[in-house]
Amino acid sequence: MSPFVLLILLWLPSADAFAAGGFGGGGKKKAVKSKKKNKSVKKQSTTNLFTPEGRLEHVKSRVDAADFSPLSKLILKRLDDGQIALDIDPNGIVVIDNFLGNDLITSMRAEALSLMSKMVPSQSTRWDEETQSVIPYEKKGVLSMQIEGGTAGYAASPRLVEYIVSLTNNLSRKLNQVLPDAYHLATEEQTNKLAVCLGDGSYYDKHIDNLGGSSDAGDQRKLTALIYLQPPNSHNGQATYPNEKVEDDPRGGYFRAYDVPEVGDVTCIAPRGDRLVVFWSDSLVHDVSPSFAPNKDDIRFALTTWLVADKKTGEIKGTDAEVSARHFESQNSIGKG
């Protein structure tokens, strides 16, 4: 397993159990049934955001109401033996605006700001031609940390913990209803990262989050779900998805998805506050354009939750040779998120 990928057993506990270890401590398990709804998010839930139970239910209701159908889109794929078969589109991507609502996203950003003193320079890995080995490197101007449960973790960022718990449980259950077995996700496991681009030209190199391997050993991340914690009005008056361009905003920090919607295309996605972006961790090539922050409100926060492959049926895909040839000089030069 990659050293930075720490899998955490998630329980969806009662409010009292969070402080005892909502990410796998001493609380009781509480099953949550997901409703079979699949529609675009149109209006905010009226759930009570003043209690843990209310916030958990709010996130669940947002997942239930959202349209994740691009992740189950089928395409024709040529197999190694030349045969044609149907498979899930490896570049399927979901972009949902106003996912949580102004009140909750504002509170989550405040928690993220309060954690900055605990964050450390963010690391990734790359292939070094001189030493012929994979080496770690620090991402310029990027700080990060993992959100953890337990008494101290929950006390420091209760809304971030609750969001991760509810998103993991409910999104995995919803997608498992419509996806083939090989794409099934664990319902109570995840890994995560809270990252901030400080705005001095910080960026992410082109990469695939999970370079592939076995779902039984190694990197198990299957689905990436990131939410931007900018102020909700951060990009008002600008073009909207899927017509956004890096040159639209001098602050940058745009997520760029390659081969979306078609091979050779690049889709730019602005880091709008309260925007959820979901894609397959083991196949989508992407990067982040240089980020600049004229003031404190402009620093780019992203909370990424990685859902992992189901231990019984889930599969992690290896990097496609044709994709590697088009986007990277060699298989070994691929960056990892």
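Given the structure is predicted, the values throughout are model-derived calculations rather than measurements. (Residues numbered from 1 in each chain as written. Predicted model: local features only at pLDDT ≥ 70, side-chain atom pairs only at ≥ 80, totals over all residues. Heavy atoms only, no water.)

Draft legend 1. How the structure looks around the overall build of the protein. Within the protein one finds six helices and 15 strands. The proportion of buried residues among the 337 residues of the protein is 53%. When contacts within the protein are restricted to residue pairs at least 6 apart in sequence, long-range pairs at least 24 apart make up 76% of them. Element-wise, carbon and sulfur atoms account for 52% of the exposed surface of the protein, whose accessible area totals about 15,100 Å². (Helix = DSSP H or I, 4+ residues; strand = E, 2+ residues; numbered from the N terminus. Buried < 20%, exposed > 50% of the residue type's maximum accessible area, 1.4 Å probe, protein only. Contact = heavy atoms within 4.5 Å. Areas by Shrake-Rupley, 256 points an atom, 1.4 Å probe, with all protein chains shown as cover.)

Draft legend 2. The packing of aromatic side chains, seen in detail. Evaluated as defined, the whole model comprises two aromatic pairs. Pairing Tyr183 with Trp280 gives two aromatic rings, centres 5.2 Å apart and planes at 65°, and the pair type is edge-to-face. On the criterion of sequence distance, the pair formed by Tyr183 in the loop between α5 (158-176) and β7 (185-197) and Trp280 in strand β12 (residues 276-280) is long-range, its members being 97 residues apart. No difference in accessibility class separates Tyr183 from Trp280, as the two residues are buried. For the ring pair Phe255 and Phe279, a centre distance of 5.3 Å and an interplane angle of 50° mean the geometry is tilted. One end of the pair, Phe255, is in strand β10 (residues 255-258); the other, Phe279, is in strand β12, and 24 residues separate them in sequence. Its relative accessible area of 2% is what places Phe255 among the buried residues. Positioned above the aromatic ring of Trp306 is the side chain of Arg221, whose terminal nitrogen or guanidinium carbon lies 4.6 Å from the ring centre. Taking the ring centre of Tyr204 as reference, the NZ or CZ of Arg300 above it sits at 5.9 Å. (Phe/Tyr/Trp six-rings, centres within 6.5 Å; stacked < 30°, edge-to-face > 60°. Lys NZ or Arg CZ within 6 Å of the ring centre and 35° of its normal.)

Draft legend 3. Layout of the environment of Lys206. Checked against the element boundaries, Lys206 lands in strand β8 (residues 200-208). Sequence spacing of Lys206 and Phe328 is 122 residues, and the spatial spacing of their C-alpha atoms is 8.7 Å.

Draft legend 4. Up close: α5. Between its terminal C-alpha atoms α5 stretches 27 Å, which fits the 27 Å expected from 19 residues at 1.5 Å a residue. Counting buried positions along α5 yields 17 of 19 residues, so the element is predominantly enclosed. (Expected span 1.5 Å × (residues − 1).)

Draft legend 5. View of the nonpolar core. Within the largest apolar cluster, 45 residues are counted, with the highest numbers of intra-cluster contacts made by Phe68, Tyr163, Leu194, Leu229 and Leu303. When residues in this core are grouped by element, the largest group, eight residues, is from α5. Counting twelve residues, the second-largest nonpolar core is a separate cluster that includes Val95, Val277, Leu284 and Ala302. (Core = buried A, V, L, I, M, F, W, Y, C linked by side-chain atoms within 4.5 Å.)

Draft legend 6. Here's a closer look at the confidence of the model for the protein. Averaged over every residue, the pLDDT of the protein is 83; residues scoring 70 or more account for 79%. Predicted confidence for residues 1-22 stays below pLDDT 50, and this span has 75 contacts to residues more than four positions away or in other chains. pLDDT under 50 marks residues 24-40. Its contacts with residues more than four places away, or in other chains, come to 45 contacts. (pLDDT = per-residue confidence, 0-100.)

Draft legend 7. Spatial organisation of the packing of helix α2 (residues 52-65) against α5. Between α2 and α5, the least distance of the axes is 9 Å, while the angle of their chain directions is 35°. Viewed along their axes, α2 and α5 form a crossing whose handedness is right-handed. Contact residues: α2 offers Pro52, Arg55, Leu56, Val59, Lys60, Val63, Asp64 and Ala65, while α5 offers Arg159, Glu162, Tyr163, Val165, Ser166, Leu167, Asn170, Leu171 and Lys174. (Axes fitted to C-alpha atoms, helices over the stretch in contact; angles between N-to-C directions. Left-handed = near helix turned anticlockwise from the far one by under 90°.)

Draft legend 8. Expanded view of unusual backbone geometry. Along the chain, Tyr241 connects to Pro242 via a cis peptide bond; the corresponding omega equals 10°. That bond from Val260 to Pro261 is cis: its omega, 5°, falls within 30 degrees of zero. Note that Pro261 resides in the loop between β10 and β11 (266-269). Backbone geometry places Asp259, a non-glycine residue, at a positive phi of 65°. Mapping Asp259 onto the fold places it in the loop between β10 and β11. Taking the relative accessible area as the measure of exposure, Asp259 reaches 5% and is therefore buried.

Draft legend 9. Expanded view of the packing of helix α3 (residues 102-114) against α5. Contact geometry of α3 with α5 gives a least axis separation of 8 Å together with a crossing angle of 120°. What the angle tells us is that α3 and α5 run oblique. Only Pro158, Arg159, Leu160 and Tyr163 of α5 make contact with α3, whose side of the interface consists of Leu104, Ser107, Met108, Glu111 and Ala112. When the residues that make up the contact of α3 with α5 are grouped by side-chain class, the tally is six nonpolar, one polar and two charged. (Parallel < 35°, antiparallel > 145°, perpendicular 65-115°, else oblique. Nonpolar A, V, L, I, M, F, W, Y, C, P; charged D, E, K, R; others polar.)

Draft legend 10. Seen up close, the pattern of salt bridges. According to the stated counting rule, one finds 16 salt bridges in the structure shown. Of the charged contacts, one joins Asp249 and Arg251 as a salt bridge, the two residues approaching to 2.6 Å between their closest N and O atoms. Like Arg251, Asp249 is buried. Arg251 is paired through a salt bridge with Asp298; the nearest N and O atoms lie 2.9 Å apart. Taken as a pair, Arg251 in the loop between β9 (221-228) and β10 and Asp298 in the loop between β13 (286-292) and β14 (300-309) lie far apart in primary sequence, 47 residues in all. (Salt bridge = Lys/Arg side-chain N within 4 Å of Asp/Glu carboxyl O.)

Draft legend 11. Representation of the side chain of Arg251. Within polar-contact distance, the side chain of Arg251 engages the side chain of Asp249 at 2.6 Å. Within polar-contact distance, the side chain of Arg251 engages the side chain of Asp298 at 2.9 Å. With residues up to four places along the chain from it excluded, the contact list for Arg251 reads Ser234, His235, Gln238, Pro290, Ser291, Phe292, Pro294 and Asp298. (Polar contact = N/O pair within 3.5 Å; in protein donor to acceptor, adjacent residues only side chain to side chain.)

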